[in-house]
Amino acid sequence: MKLSKKNYIKARDFILTNARMIERRLFQFHFENDGPEGVFHAVYAYRNADGGFGHGMEPDTASPESQPLFSIMALETLDEVGYLTKDIILDDFMPYFESITTDKGGIPWMLRPKNDYPCEAHFKSVKEWAALSTTAPLLGMLEKYRIEIPWMQKAEQFVWGEIERIKEKHVFCYLCVPRKLQFLQYTKSKDKAGKALNDLKKWILADGVLCKDKSDEGWGLYEKPHSLSYAPSPESILYPIFTKEMISADLNELIDRQKNDGGWHTWYGLSPGMKLEWAGIQTLWTLKTLRNYDSIEK
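If you're wondering where the values come from, they're calculated on a predicted model, not measured in any experiment.

The next subject is unusual backbone geometry. You will see that His55, though not glycine, has its phi angle at about 60 degrees, which is positive. Mapped onto the fold, His55 is located in the loop between helix H3 (37–44) and helix H4 (68–80). The phi dihedral of Glu223 falls on the positive side, at around 70 degrees, and the residue is not glycine. Along the chain, Glu223 falls in the loop between helix H10 (190–204) and helix H11 (227–230).

Below is the structure:
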């Protein structure tokens, strides 16, 4: 089963008429042979004078304040389109990350807002302690670009300690897992990484992790992952743990879940506008995943 050309056009039009500039530029990069410069400029529109990224880069908040998670997202997006360089990491990102590093050596997931801009409730009570989900991908990115700086030593000790402490608790969050994998893929500690990867594979396949009820409206959304959440491409590290039948069934379900407006929607968002922004993110992710599996008619 493939997404028909007609429905692909509907999805394209949904992104171009409803999504944020950053998703529109990413769509043009991935599907219309546009260069990465447009993505770079869209990403840097979220950057603040302190070097961090804010302004609702994740559409759960309207706050302009810099946030560690948003800064990680900016880093990942530039890497995705091949624009990231060693100099950009060291000059534009690390000063901010070093400024918010905790005594434990890691960076927080989020910082509590200091203003009254609208945001989801969980932002207002966030714990500002160091987090695996932000420190691990940053370390992985530094290793990928062959950067060695003193900051990495204590940060790596923190990450390995958190991997052992948290164990399977992050496995339901399909956004946390690839960030952990970013570190495991590029760390020099290959023996430790191999064990952690094997544990991760075992936890994902444990009963109750994958959402197998395709009648569930939340299927594939936060805390209800399917196989494609962990393996959005046949080249994904976790792809071999799933059967071809499971991947195929989830691809078909993904195609069937396209809405009449051409998009794929979520329940996230404080307002109709924010819900559309999340739908733009989800639609782009879906199209990239379908393309990775050659599941879009040409």
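With that settled, the discussion passes to the packing of aromatic side chains. The tally for this structure, following the rule as stated, stands at 14 aromatic pairs. A ring pair is formed by Tyr96 and Phe97, whose centres lie 5.8 Å apart and whose planes are at 55 degrees; its orientation type is tilted. In this structure, Tyr96 and Phe97 share a single accessibility class: buried. An aromatic cluster is defined as three or more aromatic residues linked by ring pairs; in this entry it consists of Phe40, Tyr44, Phe53, Tyr83, Phe93, Tyr96 and Phe97.

A separate point is helix H13 (residues 272–292). The first and last C-alpha atoms of H13 sit 30 Å apart over 21 residues, in line with the 30 Å expected at 1.5 Å per residue. For H13, every residue scored as buried is listed here: Met274, Trp278, Ala279, Gly280, Gln282, Thr283, Leu284, Thr286, Leu287, Lys288, Thr289 and Leu290. Positive phi shows up at Asp294, right after H13, with a value of about 55 degrees.

Moving on: helix H8 (residues 151–166). An α-helical segment advances 3.6 residues per turn. Residues three or four places apart therefore align on the same side. An ideal rise of 1.5 Å per residue puts 22 Å on 16 residues; H8 measures up with 22 Å between its terminal C-alpha atoms. Inspection of H8 places Trp151, Met152, Ala155, Glu156, Phe158, Val159, Trp160, Glu162, Ile163 and Ile166 among the buried residues, and these make up the whole buried set. Packed against the buried residues of H8 are helix H5 (86–99), helix H7 (132–144), helix H9 (176–186) and H10. Two residues or fewer past H8, Lys167 is found with a positive phi of approximately 55 degrees.

Conventions we followed
Residues numbered from 1 in each chain as written. Predicted model: local features only at pLDDT ≥ 70, side-chain atom pairs only at ≥ 80, totals over all residues. Heavy atoms only, no water. Helix = DSSP H or I, 4+ residues; strand = E, 2+ residues; numbered from the N terminus. Phe/Tyr/Trp six-rings, centres within 6.5 Å; stacked < 30°, edge-to-face > 60°. Buried < 20%, exposed > 50% of the residue type's maximum accessible area, 1.4 Å probe, protein only. Expected span 1.5 Å × (residues − 1). Contact = heavy atoms within 4.5 Å.

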